[in-house]
Amino acid sequence: MEEFDVIIIGGGITGAGTARDCALRGLSVLLIERDDIATGASGRNHGLLHSGARYAVTDQESATECIKENMILKKVARHCVDDTSGLFITLPEDDLGYQETFVKACQKAGIKAEIIDPKEALRLEPSVNPGIIGAVRVPDGCVDPFRLCAANMVDAKIHGARILVHSEVTGLVINGDTVQGVKVLDRTTGEEKEYRGSVVVNAGGIWGHNIAGMAGVNISMFPAKGALLIFAHRVNGMVINRCRKPANADILVPGDTVCIIGTTSTRVPYEECDTVRVTPEEVDLLLTEGAKLAPILGHTRILRGYAGVRPLVSADNDPTGRNISRGIVCLDHESRDGVKGFITITGGKLMTYRLMAQMATDLVCEKLNVKASCSTARDPLPGSEGGGIEKIAKKIWSVPTMAQKASVGRFGSRAAGLDFEEDKGGVVCECEEVTVSEVDAAIENLEVHDMLDLRRRTRVGMGTCQGELCACRAAGRLAKSYGCASKAREDLKAFMRERWKGMYPVAWGETLRESVYTQWIYSEVLGLNERP
Amino acid sequence: MRFDTILIGGGLASLVCGIKLQRAGQKCLIVSAGQNALHFSSGTFGLLGRLPDGTAVSNPLEELGKLPGTHPYSKIGPVKVSEYAAEVKDFFNSCGVRLHGVAAQEGSEVSPNGYRLTPMGVLQPSWLAMEDVTLLPSKDELKWRKALIVNFYGFLDFNASFIAEGLWKIGVESRVETVKIEDVETLRKNPADMRSVGVARLMAKEKNWKDFGGMVRGLLSGEDLVIVPAVFGFGDQVIVEWLREMIPADVMFIGTMPPSVPGIRTQILLKKAFESAGGTFLPGDTALDPLFSGTSVAGIHTANLGSIVLSADRYVLASGNLFGKGLEATPNRVYEPVFGLDTDFPADRSKWCDPDFFALQEFAGFGVLCDDSFKAFKDGRTVDNLYVAGAEVGGCNPLYEGSGAGVSIMTAMSVADSILHGN
């Protein structure tokens, strides 16, 4: 049986960050993810690089953590970050008096918050509601969570970690009062295996509730569903927030070629965490509230709607979860519950994943009596090492400039290692400018097991066409890599089903029009709607 | 400007109807906004591939009785549909579009469904095929034993591995090769040009298709079937014939990802047929601001012609479904944007779509409400001189049934008959 110093359960950003930190500190690491990396809340959020301002009034602790991590990520993960800056706007229906409370709280947490003239705000961000009566500028930004997760995984692997995706933990190996390992089902092959680990870290997000249950430990979680909408254009350059107590649909975040409005917050039962869907009521609410931030959203095509479940840890009976601390919860189950060799790291946010990883790794090291210190606040992630974008782009001059920039944007300094031979100059996804060599590199190096994995690694199919054409091209590359066309074809169908899941809640206007076209291609031209 | 009939839409239904009317001595105008479903054609025309309950159809004309009364075929009536179906091949042939189907059963002039190999290697039932596209009589066995699949280097919209696997399932072994044609290589400098139409434009040059044919011939080693992407012959079918002559094996052209070269060719030939019969084709323009006189349309405007009124005795609306912008959808309703006609859709938005992408999708069947002679309804009353044809006609789900082209052709022929023979 294989043995590791530490086994990490969960391939979200927390698990990925912990795997990297542990590996950097010289531990032997196994990470197990039942689906693909960043498929839970890590991949279903705004992609907001919080300045912490949002929490300043209600949760100083989170706000302070956020601004510290914000400044760290802008350095160590710069290829995943877009330093857009952000606005907190006051609308005529909001209390302008809140602005002062807000700015003071920001300053207390160490967040640079500067009141600016609404006219100046409009000049900086022309999409913002022209009726604003107040504006504060803060160092918000955006971050690509898929890229961030992948970069952590890549670095963990470089430092010797083993990563198993599409592998589900079905039970823990427990001896007396000690967790000694995990039982794992390989979802691809159906094979069951056991792995031993001196420490097992539960980083399962909302699903961590069930993992803890396997050790007979109860963590009272609060599954809070958040729904979001992606628009087909990047209407705003800066993050736009409402300057009021956090509420529904009051953040608009730009990201790559799109922008995202969110969120809602509704408690859902555990059983629904795997199947949360966006309801028509949520769509209508997000649209109405979103148009208050940037009126143009009322006429902008919506690409898709999606929802994630926040792994909040319950403190009281707040029915919405808005008042629960977004703070980090790191539990040593030995001191808490008398279960040795088992840690849970949960709560927190995408923003604070690095700190969460550090806290979990510190505890692991303490248990293993390892003295190595944390270096993740200093060491850049793969892709964020030295060299400006222009310099890297020059190394790959033979592809068209847009694709070149897009690749560098996604791969950072690692783009220099891509094979941009002329023979591979084809573009797979025209909306997102993803090249053949980028797709091939992802298939070879980034744990791509199917088309959905490929989308999360490369953005194939994330653009305005939602994959109707490029998905087929990508399936062709996968068929080549698998040496098997039927799996690639089934993958393609699964991919289109998944894309549709986000489109049908917003299917009218251009989105519905595009859907008719996609339906035509997939059923009439390709014949993929056959009945078995 | 005055016409006998003005047709709105430049696709299959409008062209078929327009050609019939023009040839019968009418003076017709077609207002076409731009591309239409033919540009995204599979290279085949479906009449009826499956019934609304999902049952596969092998002989469409025998199953017409099983369709609901609201279906356009039921409105036309099975006898008339059979008559029109028998006329389709000759009609298209007279326009320079050579269609073929699998052999008809004894006592019938009309082909049953055959099978087309899709770019994904799936055998899809279909009725008639354009010149270059092959229809197979059976989905269980083929007459060939070994196939050579040839693609252009770096052309991603034709995936040989899927086709090879589809063939292998029915007992045909295949070998995949790629060729480099110098001109096509230049397309790859701007990868967005590396699409079917880009390749087809270059392959229209004699040197290029001859080089291609020669390379394929050189690659052959004992295969009795050659499969190539359908990127030959924009304006006519001649290159397809020449390649067939050049290559000493059967040549099967398989559709690529859109745009569709056989489909665009068909559109070009039909438009030529309409114009050579004396019809006026107004490209790149959109009908708007109609004038009504009582319960009749008195005229229309277009986006490009400003205040000029175009009027006619009869009007045919064939501007497609949601995709062709013949219909538009907001979060609350589906409307017909030119005349404000009555439309057929569920009031509850959550009923428009099925959460499973590959299931029957209601929205693909949205259309304009019309009576049994395809006269459109507006505010609950028929408009006296306005007919609807093609995908804009409600009452069926052509995508699900595989009846898109069939509904377009049948409704076009029926409307032409009504206009000519006074209905």
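Residues numbered from 1 in each chain as written. Chains lettered and ligands numbered in written order. Predicted model: local features only at pLDDT ≥ 70, side-chain atom pairs only at ≥ 80, totals over all residues.

Q: Before we go on, may I ask you to explain the packing of helix α8 (residues 206–219) of chain B against helix α9 (residues 238–246) of chain B in this structure?
A: Angle between the axes and distance between the axes are the two parameters that describe a pair of packed helices. All names here are of chain B. Viewed as axis vectors pointing N to C, α8 and α9 meet at an angle of 30 degrees, and their least axial separation amounts to 10 Å. It follows from the interaxial angle that α8 and α9 lie roughly parallel. Between α8 and α9 lies a crossing of right-handed hand. Contacts from W209, G213 and R217 in α8 reach I239, L243 and M246 in α9. Residue classes in the contact of α8 with α9 are distributed as four nonpolar, one polar and one charged. (Axes fitted to C-alpha atoms, helices over the stretch in contact; angles between N-to-C directions. Helix = DSSP H or I, 4+ residues; strand = E, 2+ residues; numbered from the N terminus. Parallel < 35°, antiparallel > 145°, perpendicular 65-115°, else oblique. Left-handed = near helix turned anticlockwise from the far one by under 90°. Contact = placed C-beta atoms within 7 Å. Nonpolar A, V, L, I, M, F, W, Y, C, P; charged D, E, K, R; others polar.)

Q: Sorry, what's going on with the sheet that holds strand β9 (residues 173–179) of chain B here?
A: Adjacent strands of a sheet form backbone hydrogen bonds with each other and so pair up, either parallel or antiparallel. All names here are of chain B. Pairing is parallel in the open sheet, where four strands are placed in the order β9-β8-β10-β11. Each end of this open sheet is capped by a strand with a single partner; those strands are β9 and β11 (250–254). If you compare each strand with its neighbour and ignore which way they point, the axes differ by 25 degrees on average. Here three bridges tie strand β8 (residues 146–152) to strand β10 (residues 225–229), and the two strands are oriented parallel to one another. (Pairing = 2+ DSSP bridges.)

Q: Where do I start with unusual backbone geometry in this structure?
A: Negative phi characterises most residues that are not glycine, and trans characterises most peptide bonds. Residues A:G262 and A:T263 are joined by a peptide bond in cis, for which omega reads -10 degrees. For A:T263, the location among the structural elements is in the loop between β16 (258–262) and β17 (266–267). Cis geometry marks the peptide bond from B:P258 to B:P259; its omega dihedral reads -5 degrees. The topology assignment puts B:P259 in the loop between β11 and α10 (261–276). Of note, the phi angle at A:H166 is positive, near 55 degrees, even though the residue is not glycine. One can find A:H166 in the loop between β9 (162–164) and β10 (167–175). We note that B:D379 has phi near 50 degrees; this positive angle belongs to a residue other than glycine.

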